[in-house]
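Chain by chain, the residues:
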Amino acid sequence: ELTYERAGSPFEGDFDYGRLRAAARNKLKISETQDARFRLVVGSTRSGALSSQKVWHLGGIGTLRGHGYKVYSGDQFFLATAEHYVTASKNVYPFWFLDYGAAWFGAGNLDRQRPALDGGLGIRLGDGFARFTVAKNLKDSGSPLLVGVRFLGPV
(Lines give C-alpha, C1' and ligand atoms only; values in the text may rest on other atoms or scores of the structure.)
Protein backbone atom coordinates (compact mmCIF):
# COMPACT_ATOMS: atom_id res chain seq x y z
CA GLU A 1 0.00 0.00 0.00
CA LEU A 2 1.49 3.33 -1.05
CA THR A 3 -0.11 6.73 -0.43
CA TYR A 4 1.06 10.22 -1.38
CA GLU A 5 -0.73 13.26 -0.01
CA ARG A 6 -0.18 16.77 -1.33
CA ALA A 7 -1.49 20.15 -0.08
CA GLY A 8 -0.68 23.62 -1.31
CA SER A 9 0.52 24.71 -4.73
CA PRO A 10 -0.98 24.25 -7.29
CA PHE A 11 -3.98 23.79 -4.97
CA GLU A 12 -5.11 26.58 -2.69
CA GLY A 13 -5.05 25.94 1.04
CA ASP A 14 -3.60 26.89 4.39
CA PHE A 15 -0.70 24.42 4.24
CA ASP A 16 1.93 23.41 1.73
CA TYR A 17 3.36 19.91 2.12
CA GLY A 18 3.83 16.56 0.46
CA ARG A 19 4.00 13.34 2.43
CA LEU A 20 4.45 9.71 1.53
CA ARG A 21 3.25 6.64 3.48
CA ALA A 22 4.02 3.01 2.66
CA ALA A 23 2.64 -0.08 4.41
CA ALA A 24 3.38 -3.76 3.86
CA ARG A 25 1.60 -6.62 5.60
CA ASN A 26 2.13 -10.36 5.41
CA LYS A 27 0.52 -13.41 7.00
CA LEU A 28 2.37 -16.70 7.20
CA LYS A 29 0.62 -19.98 8.08
CA ILE A 30 3.05 -21.97 10.21
CA SER A 31 0.77 -24.95 10.88
CA GLU A 32 -2.92 -25.78 11.21
CA THR A 33 -3.03 -24.03 14.59
CA GLN A 34 -0.38 -21.31 14.22
CA ASP A 35 0.23 -18.28 12.07
CA ALA A 36 2.48 -15.24 12.09
CA ARG A 37 1.67 -11.72 10.96
CA PHE A 38 4.10 -8.99 10.04
CA ARG A 39 3.59 -5.30 9.34
CA LEU A 40 5.96 -2.50 8.32
CA VAL A 41 4.69 1.06 7.97
CA VAL A 42 6.88 4.05 7.11
CA GLY A 43 6.05 7.68 6.49
CA SER A 44 8.03 10.68 5.37
CA THR A 45 7.19 14.32 4.81
CA ARG A 46 8.87 15.03 1.49
CA SER A 47 8.31 18.81 1.43
CA GLY A 48 6.82 21.59 3.55
CA ALA A 49 5.58 21.52 7.11
CA LEU A 50 2.67 19.44 8.36
CA SER A 51 -0.32 20.86 10.18
CA SER A 52 -0.81 19.47 13.69
CA GLN A 53 -3.60 17.21 12.37
CA LYS A 54 -1.23 15.58 9.86
CA VAL A 55 1.72 14.88 12.18
CA TRP A 56 2.32 11.15 12.65
CA HIS A 57 2.04 9.71 16.17
CA LEU A 58 3.23 6.44 17.69
CA GLY A 59 2.34 5.01 21.06
CA GLY A 60 -0.61 3.11 22.39
CA ILE A 61 -3.05 0.63 20.88
CA GLY A 62 -2.20 -0.37 17.32
CA THR A 63 1.32 1.11 17.34
CA LEU A 64 3.78 0.87 20.25
CA ARG A 65 1.55 -0.98 22.70
CA GLY A 66 4.00 -0.75 25.63
CA HIS A 67 4.03 3.06 25.49
CA GLY A 68 1.48 5.71 26.31
CA TYR A 69 -0.91 7.09 23.70
CA LYS A 70 0.83 9.27 21.07
CA VAL A 71 4.03 9.54 23.10
CA TYR A 72 6.13 9.96 19.92
CA SER A 73 5.31 12.48 17.18
CA GLY A 74 6.97 13.63 14.00
CA ASP A 75 6.94 14.29 10.31
CA GLN A 76 8.89 11.04 9.79
CA PHE A 77 8.16 7.62 11.28
CA PHE A 78 8.49 3.87 10.99
CA LEU A 79 6.76 1.01 12.76
CA ALA A 80 7.43 -2.73 12.51
CA THR A 81 5.19 -5.30 14.19
CA ALA A 82 5.43 -9.09 14.48
CA GLU A 83 2.67 -11.26 15.96
CA HIS A 84 2.49 -15.02 16.52
CA TYR A 85 -0.98 -16.56 16.95
CA VAL A 86 -2.03 -19.98 18.25
CA THR A 87 -5.54 -21.39 17.94
CA ALA A 88 -6.72 -22.26 21.46
CA SER A 89 -10.30 -23.05 20.43
CA LYS A 90 -12.74 -21.90 17.82
CA ASN A 91 -12.51 -18.06 17.66
CA VAL A 92 -9.98 -17.74 20.55
CA TYR A 93 -6.39 -16.95 19.58
CA PRO A 94 -3.71 -16.22 22.19
CA PHE A 95 -0.71 -14.38 20.74
CA TRP A 96 2.59 -12.71 21.56
CA PHE A 97 3.92 -9.64 19.78
CA LEU A 98 6.84 -7.27 19.30
CA ASP A 99 6.51 -3.62 18.20
CA TYR A 100 9.51 -1.56 17.08
CA GLY A 101 9.37 2.02 15.90
CA ALA A 102 10.08 5.72 16.18
CA ALA A 103 8.65 9.07 15.10
CA TRP A 104 10.67 12.29 14.81
CA PHE A 105 10.94 15.65 13.10
CA GLY A 106 13.48 16.20 10.33
CA ALA A 107 14.17 13.95 7.34
CA GLY A 108 17.90 13.77 8.03
CA ASN A 109 17.60 12.53 11.61
CA LEU A 110 17.05 8.78 11.23
CA ASP A 111 20.56 7.91 12.44
CA ARG A 112 19.97 9.78 15.72
CA GLN A 113 16.80 7.90 16.66
CA ARG A 114 16.57 5.37 19.47
CA PRO A 115 13.55 3.32 18.40
CA ALA A 116 11.19 1.93 21.01
CA LEU A 117 10.84 -1.83 21.47
CA ASP A 118 7.71 -3.22 23.08
CA GLY A 119 6.57 -6.77 23.69
CA GLY A 120 3.53 -8.42 25.10
CA LEU A 121 0.82 -11.04 25.18
CA GLY A 122 -2.74 -10.89 24.00
CA ILE A 123 -5.93 -12.70 23.08
CA ARG A 124 -7.84 -12.11 19.86
CA LEU A 125 -11.49 -13.11 19.63
CA GLY A 126 -12.85 -14.09 16.25
CA ASP A 127 -11.32 -12.59 13.15
CA GLY A 128 -10.33 -9.37 14.89
CA PHE A 129 -13.65 -8.63 16.62
CA ALA A 130 -11.81 -7.87 19.87
CA ARG A 131 -8.23 -7.87 21.13
CA PHE A 132 -6.99 -7.69 24.67
CA THR A 133 -3.27 -7.06 25.22
CA VAL A 134 -0.76 -6.60 28.02
CA ALA A 135 2.40 -4.85 26.82
CA LYS A 136 5.68 -3.56 28.22
CA ASN A 137 8.40 -1.20 27.09
CA LEU A 138 11.27 -3.69 26.77
CA LYS A 139 13.96 -0.98 26.94
CA ASP A 140 12.87 0.20 30.40
CA SER A 141 12.74 -2.48 33.09
CA GLY A 142 10.88 -0.11 35.42
CA SER A 143 8.10 0.65 32.96
CA PRO A 144 4.56 -0.42 33.85
CA LEU A 145 2.53 -3.08 32.10
CA LEU A 146 -0.08 -1.44 29.86
CA VAL A 147 -3.41 -3.09 29.18
CA GLY A 148 -5.10 -2.51 25.84
CA VAL A 149 -8.61 -3.31 24.64
CA ARG A 150 -9.55 -2.92 20.99
CA PHE A 151 -12.90 -3.70 19.39
CA LEU A 152 -13.39 -4.19 15.64
CA GLY A 153 -9.81 -3.15 14.92
CA PRO A 154 -7.85 -4.09 11.80
CA VAL A 155 -6.33 -7.54 11.78
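Scroll up to find the structure.
Read on for a plain summary of the structure. (Residues numbered from 1 in each chain as written. Predicted model: local features only at pLDDT ≥ 70, side-chain atom pairs only at ≥ 80, totals over all residues. Heavy atoms only, no water.)

**Description of the packing of aromatic side chains**
To keep it simple, the criterion reads: Pairing of aromatic rings covers Phe, Tyr and the six-membered ring of Trp, with a centre-to-centre limit of 6.5 Å; geometry is then stacked below 30 degrees between planes, edge-to-face above 60, and tilted otherwise. Here's how the labels work: a residue is buried when its accessible area is under 20% of the maximum for its type, exposed when over 50%, partly exposed in between, all with a 1.4 Å probe on protein chains only.
This structure, assessed with the given rule, holds seven aromatic pairs. Look at F95 and F97: their rings are 6.0 Å apart centre to centre, the planes differ by 40 degrees, and that puts the pair in the tilted class. Neither residue differs from the other here; F95 and F97 are each classed as buried. Look at F132 and F151: their rings are 6.2 Å apart centre to centre, the planes differ by 90 degrees, and that puts the pair in the edge-to-face class.

**Thoughts on the sheet that holds strand β6 (residues 76-86)**
By definition, the strands of a sheet pair up through backbone hydrogen bonds, in either a parallel or an antiparallel sense. Here is the rule we go by: Pairing between strands requires that DSSP locate at least two bridges from one strand to the other. For the purposes of this entry, the term helix denotes a DSSP run of H or I that reaches at least four residues, the term strand denotes a run of E that reaches at least two, and both are numbered from the N terminus. What counts as an axis is a line fitted to C-alpha atoms, over the stretch in contact for a helix, and the angles between N-to-C directions run from 0 to 180 degrees.
In space, the eight strands of this open sheet follow the order β1-β2-β3-β6-β7-β8-β9-β10, with antiparallel pairing throughout. Single-partner strands in this sheet number two, and they are β1 (2-7) and β10 (146-151). Between one strand axis and the next, the sheet turns through 20 degrees on average, direction left out of account. Of the pairings in the sheet, the one linking β6 to strand β7 (residues 92-104) comprises 10 bridges and is antiparallel in character.

**Some points on unusual backbone geometry**
Phi is positive for K70, close to 55 degrees, though the residue is something other than glycine. Mapped onto the fold, K70 is located in the loop between β4 (56-58) and β5 (72-74). Here N91, not a glycine, exhibits a phi torsion of approximately 70 degrees, which is positive. Along the chain, N91 falls in the loop between β6 and β7. N91 gets classed as partly exposed once you look at its relative accessible area, which sits at 37%.

**Here we look at the environment of K90**
Tracing the backbone through its elements, the reader meets K90 in the loop between β6 and β7. For K90, a relative accessible area of 75% gives the class exposed.

**Remarks on the pairing of β6**
Among the 11 residues that make up β6, nine are buried, leaving the element largely enclosed by the rest of the structure. Bridging between strand β3 (residues 34-48) and β6 involves 11 bridges; their strand directions are antiparallel. Among the inter-strand pairings, R37 is bridged to a residue of β6, identified as E83. Between β6 and β7, which pair antiparallel and follow one another directly, the connecting turn spans five residues, one of which, N91, has a positive phi of 70 degrees.

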